[in-house]
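The residues making up each chain are set out below.
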Amino acid sequence: MIEALTGWLLNYLLHSTVLLGGVWALERAGWLKHPTWREALWRAAFFGAVLTASVQPLTQVTRIALPDVWASASGQGGTGQGGRIEVASGPVPSSGVEREAPSAQSPTGTPLPSDTSWPFERPAAQRVVVTDHAVDIGDESMVRRREFLRDGFAALLLSWPLVALSGIGLTLFRWLALRRQVRALLICDDAELGRAATELAAIAGVRTPTLRLSPQWASPLVAPGGQVCLPQRLMRRLDGQQRVAVLAHEIAHLRRRDPAWRLAARLVSQLGWLQPLNRLAMRRLDLLAELACDAWAAAEAGAMPLAEGLYVCARDMAAATVAADDRRGARPMPALASAMAAARSPLMARMDALLEGSPTAGTTPGRRRLGRVLIAGGLCAVALAVPMLVIGKAPRLNVDLSGVSGAFSSAFSGMKVTRQVTIGDGVERRVNYAGDLEFNGDETDVVSLADTLSIMERADGVTRRVEITADGKGGQVRRFWLDGEMTPIDAHAQAWISGQIGLIAESAQGSGPRVARLLRQGGTEAALADIGNAQEARVCRSRIEALLDSDPQSDDTVSQLIALAGGMRDDFQRRTAFVALIEHRTLASGAQRELLELVPTLKGDVDRRLVLSALSPQLADDAAVMTAWQQAVGGFDGDVDKRLAIVALIDEDHEATPERLRTAIAATGMIGGDFDRRTVLTAAAHRMGGDAATYAASYVDAVRAISGDFDRRSALIALMDETGVDREVDREVALQVLRATGSMSAGFDRAEMLIALAAHLPAEPEVLAQYRQAARGLSTHDRGRVEAAIDHLAPS
């Protein structure tokens, strides 16, 4: 089944490319000037590819069998014999050239074996390729390329029917939803339009459509079920003849059965979503359908009224698009309906065709039908002449079932299958084994295994591979390859194998047992040395976490772990290790500085912010620590992460000390955006706990750096609100707020700020004088409002 499905997909892609590409080439060459024949060719090519790809297996004789590139090469050895690759058996001259041999014989004249695999069933000649050096077609690089190609093609093959079925289902759902939506519209009761619809339908030979008025769509359209939807706004703006011309265009769509063709085209495009030429074909068919309907409507209702109606309709469509972008306009046009003014239709080309005369004139219906039949037959014959692609063996997708057990994994392979692929830090490692492995005490060797353990590592330009296979008698068979060549297992190879088995044991069991064993054997120094020897960041991070989980570590050990974590090249692993160190225990101020100095080495703002947010609850109120923290925040690129990191410093989950508040307020100077600055200042104001006077001067300095008056006002009101409702602000706070207000532009925000301050203003002459000074420059109306706000403070 999967082979047939793969073959159909490949043949459909081949046929559709040949047919659609051929029609496009004819059109570009200028050989398809008549719209009727252009539409017939595009339609036949678009739908014909599905037909020919389905019929071809029943009629095709000439077939191309694709080479079996999916087969595993793990069992193939290198050629190595005489330095040649031979596609046929028998001795070959080692001359480094290519030679032709008769089709039915090998290069030596002997008959070919019956099971020899060839791309063609009856090849005209066989080719022997002789190289000047030994080539191993079974080495790791070739195997890896084949596995990658196989897995990629299999993944594409599996995704194609899923995406196609999802798209077809969604298209049918939208079609049904559009039918329900149209039935809910009001029926048009215009008697003149009703009579015109009856007359035009009789001329077109179709049933009189139901006319409905749409308040949503800006263009007339033919909906599923043969109903015509007319925009209310457009019908009010057009005169009688223009409305009839527009109605004639929609009835022309019914005459041509365009709604059914459009639905069928959508379904085919979803089925062949891998073919990019389908989108081009659909755009061409949509345009040609509009031109044909324009021609028929112009003949029945007049070209000039239709052109005028088309212009008004297109203008309404443009206005509706702008309104929709502002989230207050009409709904977008449904894709399954045949709309008179589609968004992509070239308006000027259609109007030129209307005003210059119908391009479809001069062809009778009989000639058009005969031409369509001949075109469809000719294109089908061209497609069927293309050799058929045959899949002899479909690829099988490797599935990683690591960690899956029980009945689910048994359904795939009968036992748990583990496949590990690690690529990073200049090292590529691939591990495959089935079942469970049993290791020795120090985890340097495999004691027993169910089937085969395969390990491949590529590092520093050297490829090593080992296979350990159970012989069924309680023993093992081991084979080792170095750069694709099988070699004996010497001391160096055994050391590499032991190291790899240790990594596999650590991956399967976690780093906890390994670290515990090292602690028993050599203490913390041995564990730290093992962490430093880890070649992969993932392994290094796992060992750090295991050491931290074993026991509380000393300050010296934590400092060494911070340095080891900082040496990782993978940001994710480094950030995870930093957070684990922070959560392990409260770091000393010296360790906090060391960690903060390493935060800028992380490339991503998110990783930096997550480390700072984790450290914030325990951050020491030490000047050196706060300076290091500010430098870490200053290295951020984006304002959002800066804002989140600063707010985390004064979060409600921990005490907002004066040092933290002053540092947070000062850090707003590193933020460029007004919104982010104001958000941080508002959070700081909420944490002042009624002690706003202590921070008022620095807070107002930060507010004055904000460029927008709205954000300035919001930040200042947050500072005042901390005094409580109907409570006076401290004199110092009031004077500082008035200082910031004076820098605001003379307008609404300054007036609103002064009015809000008046409710908290202390009744002191100096403060009131500053208040009135800040009100200067306001308009007469706003100044009156500001003065009225302090009437309750003025002496009676």
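Here the structure is a predicted model, which means the values were calculated and not measured. (Residues numbered from 1 in each chain as written. Predicted model: local features only at pLDDT ≥ 70, side-chain atom pairs only at ≥ 80, totals over all residues. Heavy atoms only, no water.)

## Considerations on the overall build of the chain
Alright, step 1. The helix and strand tally for the chain stands at 29 helices and 17 strands.
Alright, step 2. By residue count, 45% of the 796 residues in the chain fall in the buried class.
Alright, step 3. Long-range pairs, those at least 24 residues apart, make up 68% of the contacts in the chain between residues at least 6 apart in sequence.
Alright, step 4. Of the roughly 38600 Å² of accessible surface on the chain, 55% is carried by carbon and sulfur atoms. (Helix = DSSP H or I, 4+ residues; strand = E, 2+ residues; numbered from the N terminus. Buried < 20%, exposed > 50% of the residue type's maximum accessible area, 1.4 Å probe, protein only. Contact = heavy atoms within 4.5 Å. Areas by Shrake-Rupley, 256 points an atom, 1.4 Å probe, with all protein chains shown as cover.)

## What to know about unusual backbone geometry
Alright, step 1. Although it is not a glycine, glutamate 443 sits at a positive phi angle of roughly 60°.
Alright, step 2. Positionally, glutamate 443 belongs in the loop between strand 12 (437-439) and strand 13 (446-449).
Alright, step 3. Assessed through its relative accessible area of 6%, glutamate 443 is described here as buried.
Alright, step 4. Despite not being glycine, aspartate 460 shows a phi value in the positive range, around 55°.

## A word on the packing of aromatic side chains
The geometry of two aromatic rings is summed up by the distance between their centres and the angle between their planes.
Alright, step 1. The tally for this structure, following the rule as stated, stands at five aromatic pairs.
Alright, step 2. For the ring pair tryptophan 8 and tryptophan 160, a centre distance of 5.9 Å and an interplane angle of 25° mean the geometry is stacked. Placement of the pair is tryptophan 8 in helix 1 (residues 2-28) and tryptophan 160 in helix 3 (residues 140-183), with a sequence separation of 152 residues.
Alright, step 3. Using a relative accessible area of 17% as the deciding quantity, one classes tryptophan 8 as buried.
Alright, step 4. Relative accessible area serves as the criterion here: at 4%, tryptophan 160 is assigned to the buried category.
Alright, step 5. Relative to phenylalanine 47, the ring of phenylalanine 46 has its centre 5.0 Å away and its plane inclined at 90°; by these criteria the two rings are edge-to-face. For the pair shown, phenylalanine 46 and phenylalanine 47 are each scored as buried.
Alright, step 6. The ring of tryptophan 481 has arginine 465 lying over it, and the distance from NZ or CZ to the ring centre is 3.8 Å. (Phe/Tyr/Trp six-rings, centres within 6.5 Å; stacked < 30°, edge-to-face > 60°. Lys NZ or Arg CZ within 6 Å of the ring centre and 35° of its normal.)

## Regarding the nonpolar core
Alright, step 1. Residues Ile544, Leu595, Leu612, Trp629, Tyr699, Leu761 and Tyr771 are the most contacted members of the largest nonpolar core, which totals 92 residues.
Alright, step 2. Leave out the neighbours within four places in its chain, and tyrosine 771 touches Leu738, Leu754, Ile755, Leu757, Ala758, Leu761, Val786, Ala789 and Ile790.
Alright, step 3. Leu193, Val222, Val246 and Cys293 belong to the second-largest nonpolar core, a separate cluster that totals 30 residues. (Core = buried A, V, L, I, M, F, W, Y, C linked by side-chain atoms within 4.5 Å.)

## Thoughts on the packing of helix 24 (residues 692-704) against helix 25 (residues 709-721)
Alright, step 1. Contact pair helix 24 / helix 25: the axes reach a minimum separation of 11 Å and the direction vectors enclose 175°. Taken together, the axes of helix 24 and helix 25 are roughly antiparallel relative to one another. Of the residues in helix 25, those in contact with Ala692, Tyr699, Val700, Val703 and Arg704 of helix 24 are Arg712, Ala715, Leu716, Ala718 and Leu719.
Alright, step 2. Looking at the contact of helix 24 with helix 25, its residues break down into eight nonpolar, no polar and two charged. (Axes fitted to C-alpha atoms, helices over the stretch in contact; angles between N-to-C directions. Parallel < 35°, antiparallel > 145°, perpendicular 65-115°, else oblique. Nonpolar A, V, L, I, M, F, W, Y, C, P; charged D, E, K, R; others polar.)

## Side note on helix 4 (residues 191-204)
Alright, step 1. For helix 4, built from 14 residues, the straight-helix expectation of 20 Å at 1.5 Å per residue is met to within 8% by its first-to-last C-alpha distance of 20 Å.
Alright, step 2. Among all positions in helix 4, only Leu193, Ala196, Ala197, Leu200, Ala201 and Ala204 are buried. Buried residues along helix 4 cover an arc of 130° about the axis, so they all sit on one side. Those residues of helix 4 that are exposed and angled more than 90 degrees off the buried face are Arg195, Glu199 and Ala202.
Alright, step 3. Where the residues of helix 4 are buried, they touch strand 5 (211-214), strand 7 (227-231), helix 5 (232-237), helix 6 (240-256) and helix 8 (277-301). (Expected span 1.5 Å × (residues − 1). Arc of directions from axis to C-beta.)

## Description of the packing of helix 18 (residues 589-598) against helix 20 (residues 623-634)
Alright, step 1. Across the interface, helix 18 lies against helix 20 with an axial gap of 9 Å and an inter-helix angle of 15°. Put simply, helix 18 runs roughly parallel to helix 20. Judged by the sense of rotation from one axis to the other, the crossing of helix 18 with helix 20 is left-handed. Contacts between helix 18 and helix 20 involve Ser589, Gln592, Arg593 and Leu596 from the former and Ala624, Val625, Ala628, Trp629 and Ala632 from the latter.
Alright, step 2. The residue makeup of the contact of helix 18 with helix 20, split by class, is six nonpolar, two polar and one charged. (Left-handed = near helix turned anticlockwise from the far one by under 90°.)

## Digging into the confidence of the model for the chain
Alright, step 1. Of the residues in the chain, 75% reach a pLDDT of 70 or more, and the chain-wide mean stands at 77.
Alright, step 2. Low pLDDT, under 50, characterises residues 67-139; the predicted model gives this stretch 108 contacts beyond four residues in sequence or across chains.
Alright, step 3. Contacts for the low-pLDDT stretch residues 358-362, under 50 throughout, to residues beyond four places or in other chains number ten contacts. (pLDDT = per-residue confidence, 0-100.)

## Side note on the side chain of arginine 712
Alright, step 1. Within the secondary structure, arginine 712 sits in helix 25.
Alright, step 2. You can call arginine 712 buried: its relative accessible area is 10%.
Alright, step 3. Ignoring anything within four residues of it in the chain, the contact list for arginine 712 reads Val703, Arg704, Ile706, Ser743 and Met744.

## Some details on empty space enclosed by the protein
Here the idea is plain: a probe the size of a water molecule rolls over the atoms and shows the empty space left.
Alright, step 1. If you walk through the whole model with that rule in mind, you get two cavities of 30 Å³ or more.
Alright, step 2. Of the volumes computed, that of the largest cavity is approximately 200 Å³.
Alright, step 3. Lining the largest cavity are 14 residues, with Asp258, Trp261, Arg262, Leu285 and Asp286 positioned closest to its centre.
Alright, step 4. Only helix 2 (35-59), helix 7 (258-271) and helix 8 provide two or more residues apiece to the lining of the largest cavity.
Alright, step 5. Within the lining of the largest cavity, the residues separate by chemical class into six nonpolar, two polar and six charged. (1 Å grid on protein atoms, 1.4 Å probe; cavity = no way out; pocket = protein on both sides within 12 Å on 5 of 7 lines; lining within 4 Å. Points joined across faces, edges and corners; volume = space filled by probe spheres on them.)

## A short note on the sheet that holds strand 16 (residues 476-482)
Alright, step 1. The strand order across the open sheet formed by six strands is 10-11-14-15-16-17, and the pairing between neighbours is antiparallel. Each edge of the open sheet is held by one strand with a lone partner, namely strand 10 (417-424) and strand 17 (485-487). Sheet twist, expressed as the average angle between the axes of neighbouring strands with direction ignored, equals 15°. (Pairing = 2+ DSSP bridges.)

## Here's the deal with the pairing of strand 16
Alright, step 1. Looking at chain direction, strand 15 (residues 462-470) and strand 16 are connected through seven bridges and run antiparallel. Pairing of valine 466 across the sheet is with phenylalanine 480, part of strand 16.
Alright, step 2. Linking strand 15 back to strand 16 in an antiparallel pair, the connection comprises five residues, with glycine 472 at a positive phi of about 85°.
Alright, step 3. In this structure, strand 16 lies alongside strand 17, joined through three bridges in antiparallel fashion. Counted as the bridge partner of leucine 482 is glutamate 485 from strand 17.

## Re the pattern of salt bridges
Alright, step 1. Taken as a whole and judged by the stated rule, the model has 36 salt bridges.
Alright, step 2. The partner of glutamate 536 in a salt bridge is arginine 538, and the shortest N-O contact between them spans 3.1 Å.
Alright, step 3. Exposure remark for glutamate 536: the relative accessible area of 7% places this residue in the buried category.
Alright, step 4. What makes arginine 538 partly exposed here is its relative accessible area of 35%.
Alright, step 5. Counted as one network, the salt bridges with shared partners bring together Glu39, Arg43, Arg256 and Asp258. (Salt bridge = Lys/Arg side-chain N within 4 Å of Asp/Glu carboxyl O.)

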